[in-house]
Amino acid sequence: MRFKAMVNKLSVLFSDLNLNSDTPVRVQPVVGEWGPQRVPTTKQKKRARFTVTGVFAAVVTALFLLGNYFYKILMGITG
C-alpha cells in the first residue's frame, strides 16, 4: 500500500510522455512515418522569436521617440 502512494507522488514529478494527452484531436499534429508532419522546424521557431523580439524593440523605441518629440513640443523645448 505504501509503495502505491509513493509511486503516485513520483508520477507527479515526471512529465507525461504522451504529448497529445489532453488536447482535442483537431489540434494534434498528423503523425507520419517519421514523426509529426506540418510542424514548424526549430529554425523557423528561432527566426520567429528573433523577428518578434526585433519588431517589439522597434515599436517600443518608436513610441518612446514619438513621446519624447511631443513632450518637447508641449514644453517648448527646442533642440
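Just so it is clear, the model here is predicted, and its values are computed rather than measured.

Considerations on the overall build of the protein chain
Tallying secondary structure elements over the protein chain gives two helices and two strands in all. Along the chain direction, N to C, the helices and strands of the protein chain fall in the order α-β-β-α. Across the 79 residues in the protein chain, those meeting the buried criterion constitute 1%. A total of about 8100 Å² of accessible surface is found on the protein chain, and carbon and sulfur atoms cover 67% of it.

Quick look at helix α2 (residues 42-75)
A rise of 1.5 Å per residue sets the reference length of α2, with its 34 residues, at 50 Å; its end C-alpha atoms lie 49 Å apart and thus fit the reference within 8%. Just downstream of α2, Gly 76 is the residue with a positive phi angle, here 75°.

Overview of the confidence of the model for the protein chain
In this model, the protein chain carries a mean pLDDT of 84, and residues with pLDDT of at least 70 account for 78%. The least confident element of the protein chain, judged by mean pLDDT, is helix α1 (residues 2-13) at 67; the most confident is α2 at 96.

A look at unusual backbone geometry
You will see that Arg 38, though not glycine, has its phi angle at about 55°, which is positive. Note that Arg 38 resides in the loop between β2 (36-37) and α2. The exposed category is assigned to Arg 38, whose relative accessible area is 85%.

Rules used throughout
- Residues numbered from 1 in each chain as written.
- Predicted model: local features only at pLDDT ≥ 70, side-chain atom pairs only at ≥ 80, totals over all residues.
- Heavy atoms only, no water.
- Helix = DSSP H or I, 4+ residues; strand = E, 2+ residues; numbered from the N terminus.
- Buried < 20%, exposed > 50% of the residue type's maximum accessible area, 1.4 Å probe, protein only.
- Areas by Shrake-Rupley, 256 points an atom, 1.4 Å probe, with all protein chains shown as cover.
- Expected span 1.5 Å × (residues − 1).
- pLDDT = per-residue confidence, 0-100.

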